[in-house]
Each structure stands twice: as C-alpha cells, then as structure tokens.
Amino acid sequence: MKTKILSTWLFSAAFALLLAACEKESRQVTLEGKTMGTTYHVKYIDDGLVDNLPNPEKIQQQIDAVLKEVNNQMSTYQKDSQISAFNGYNHVNSLFTVSPDFAFVVEEAIRLNKITEGALDITVGPLVNLWGFGPDKRLNKEPTAEQIAERSKSVGIEKLAVEKSDHKYGLIKYEPNLYIDLSSIAKGFGVDKVARHLETLGLHHYLVEIGGELRGKGKNLHGKPWQIAIEKPTFAQGQAVETIVPLDNKGFATSGNYRNYFEDEQGNRLSHIIDPKQLKPIQHNLASITVIADTSMTADGLSTGLFVLGPEKALEVAEREKLAIFMIIKNGQDYETKMSSEFEKLTK
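The name recorded for the chain in an unreviewed UniProt entry is FAD:protein FMN transferase, from Frederiksenia canicola. Listed in UniProt under the heading Subcellular location (unreviewed entry), the comment for the chain reads: "Cell inner membrane".

J.: Lay out the UniProt feature "binding site: Mg(2+)" (unreviewed entry) in the chain in plain terms, naming residues and giving numbers.
T.: Under the present numbering, the feature "binding site: Mg(2+)" (unreviewed entry) in UniProt falls on Ser184, Asp300 and Thr304. Spatial clustering of the annotated residues is evident: they stretch over 121 residues in sequence, but the largest pairwise C-alpha distance comes to 6.7 Å. Here Asp300 lies in helix H8 (residues 296–309). On the basis of relative accessible area, Asp300 is assigned to the buried category, the value being 2%. Dropping the residues within four chain positions of it, Asp300 is found in contact with Ser184, Ile185, Ala186, Lys187, Gly188, Glu213 and Ala253. A polar atom in the side chain of Asp300 sits 2.9 Å from the backbone nitrogen of Gly188. The topology assignment puts Thr304 in helix H8. With relative accessibility at 14%, the residue Thr304 sits in the buried group.

J.: Any details on the side chain of Asn113? Residues and values, ideally.
T.: Within the secondary structure layout, Asn113 lies in helix H4 (residues 100–115). Judged by its relative accessible area of 8%, Asn113 is buried. In this view, Asn113 contacts Gly118, Ala119, Leu120, Asp121 and Ile157; residues no more than four positions away in its chain are not counted.

J.: Describe in detail H8, supporting the description with residues and values.
T.: Under the 1.5 Å per step criterion, the end-to-end length of H8 is 20 Å for 14 residues, consistent within 8% with the ideal 20 Å. For H8, the buried fraction is high: 13 of the 14 residues fall into the buried class. Positive phi shows up at Gly310, right after H8, with a value of about 90°.

J.: Explain the nonpolar core residue by residue, including any values.
T.: In terms of nonpolar packing, the biggest core is built from 47 residues, with Ile180 and Leu182 touching the most fellow members. Counting residues per element, this core draws most heavily on H4, which supplies seven residues. Ignoring any residue separated from it by four or fewer positions in sequence, one finds Ile180 in contact with Thr76, Ile83, Phe86, Asn87, Phe102, Val106, Ile122, Thr123, Leu160 and Leu171. Counting 19 residues, the second-largest nonpolar core is a separate cluster that includes Val42, Leu53, Leu67 and Val208.

J.: Pulling in residues and values, what's your account of helix H7 (residues 186–200)?
T.: Between its first and last C-alpha atoms H7 spans 21 Å; for 15 residues at 1.5 Å apiece the expected length is 21 Å, and the two agree. A large share of H7 lies buried, amounting to 12 of its 15 residues. Those residues of H7 lying buried are Ala186, Lys187, Gly188, Phe189, Gly190, Val191, Asp192, Lys193, Val194, Ala195, His197 and Leu198. In the segment just after H7, Gly202 is the residue with positive phi, at about 95°.

Definitions and cut-offs
Residues numbered from 1 in each chain as written. Predicted model: local features only at pLDDT ≥ 70, side-chain atom pairs only at ≥ 80, totals over all residues. Heavy atoms only, no water. UniProt positions renumbered as here; feature names shortened; annotations may be inferred. Helix = DSSP H or I, 4+ residues; strand = E, 2+ residues; numbered from the N terminus. Buried < 20%, exposed > 50% of the residue type's maximum accessible area, 1.4 Å probe, protein only. Contact = heavy atoms within 4.5 Å. Polar contact = N/O pair within 3.5 Å; in protein donor to acceptor, adjacent residues only side chain to side chain. Expected span 1.5 Å × (residues − 1). Core = buried A, V, L, I, M, F, W, Y, C linked by side-chain atoms within 4.5 Å.

Below is the structure:
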C-alpha cells in the first residue's frame, strides 16, 4: 500500500515538474519599422499560450505586408496606388472600383465629416497641396487668392459618394477634378489593420503605433493597461508629459500644429491643417487635441476635424456626440488644458 502511495506521489511530482518546464515565462516583443512616411512600433505579450505562434521576424514580415497593402491603396505619394488612380480618373457619375478597405475608410471619413460639421474633409487635398503640405512641391509663400479660388472649385465632400452592390465597392465623382487625401485617417486605419492581424494570430495583449496614432488592447508585461502619455506642446521634440491615460481596446490619436508647419516670406507660421471652410491653414489657439475612440481610424479622423474647429467648438461637438477629447490650449505664453466629460471618465 505504501509502495503504491509513494509511486502515485512520485508520478504527480514528475508530472508537475514537466508542466512547469513546459510553461514559458511571458515576455514583451517589440517590433519597429517604416511606413507611410513615418515609423511604426508594435509591442505584444507572448505568454506562451498560443500554439504555433510565428517567430517575431515572421510576424514583422506579415505586419510589413499588411501596411504595404494599405499604402498601395491609400498613399497619394505612390503613383500606382488606388487613390492616385482615382484622383487621376476624370469621369463623373461613373463607378470607380476600389477595394473594400478603401471604400470602408472613405465611408468613415464621410460620416466623420458630418459629425465635425464639415471640418474633416478628405476632398481638401488640392488646397493641402497648394499650401505645400502634400506630395506637390513645398511652397515658401502663401498662394494667391486666384490660386485658392481655382483649387477650391473641386473641393467638397458632396462631390464624392461610396457605392456598394453585389459585393463590389466603388467611388463616384460628381466633379471631374475631385482629389481626395486620406492622410488624416489612413494611419489610424493602418493601426487597426495591424491590430486585427495580431488578433488573428491569437495575440490579445498589444500596443500598435504608427506616426503617433495608437491602439492598445489587454495588459502590458506588468499586468496593467497600456499607459499612454500626452506630451506638452513644446517646439522641441517631446519629452515633457502633460498627462497619462490607460488604453484598453481603444484607439488614440493626437493632432497639433506646433511641429508640422512652415514660415512664409513674412515669417508667419502656417499650420499644415487646412480649414475647408476658410480654404487656408487654421488660425486659433488650440495647440493640440487628443481623441480616444473605439478604433484608431475614428480617433485619427476626429482629431483632425475637431482640431480644425478650434477649442470652443470642438468641446461643444465632443459633449454633444459623447466623444473623449483632451485639449491643450495656448494662452499667451502659457498653456491650459480642457477635457470632455467622456475623457474625464477614462482617467478615473
């Protein structure tokens, strides 16, 4: 009897040791690369529970392929991209076939145009280019009123439509020279695509960032939600932190005009963000706005549109639409901060 008990105990101990040997200690894997004229960073937690998880090198190759596909569809800097082909397509009232992802992003941009009262307008590309912030040659002086008037003829979200039928997706122009620019929303979509790819691999604890647009899910290596810092708007590249927020299954995007700008011949600082109603770079005291939304694509688009509106109107829209926003406002030589009710909930 004693021999049987001892044998059972030895077997149990050996089995426990075998299980312990098989268990892997959780580790954080960090990947980085270049895309969309900027950089990307991906962190994920490998807890050893995912069977047949590709090695980090293979996962990075897959991420690069995902982002290359987004660029092939939505980059105005690529002459052979879908968006470049559409922009060069001058037929009106005619369906131009695009990928489902392309149509999805344009459809979201149109929806956000309404939410931001026209401030986010992906057809404003001709003016972005004219003011020197697109793939056209950079300008060092303000365009003339005549140049602005001529370019503005082809601007307006009402001149664009998305059509879906029989599992086919397409865009329609109602103005032959309509030109769309998805730079205000495509990076966020790229973040979401990478996040979805990680989930198909069985990874549910990750943080994805492209050019400052983020999406986080699950916990970091310390078992806490990913902590994201919002920078103070200094003209030197970042380092000063204004506040920190947790990010769990949410998208995060910030827009500001304190870094991407140029000066005209008179020394005036011209923002890279164009007001589609004023047809020129925005001019107000909002230094930066951060938006947290269900997806990075939505946060990306909203951050641009709300930034155009300025601090008072942006906060009004955020409260009406229940959006989580955090603003840093320049007040003379100082800065003040304001947040919406939904953002305040996230910090508690």
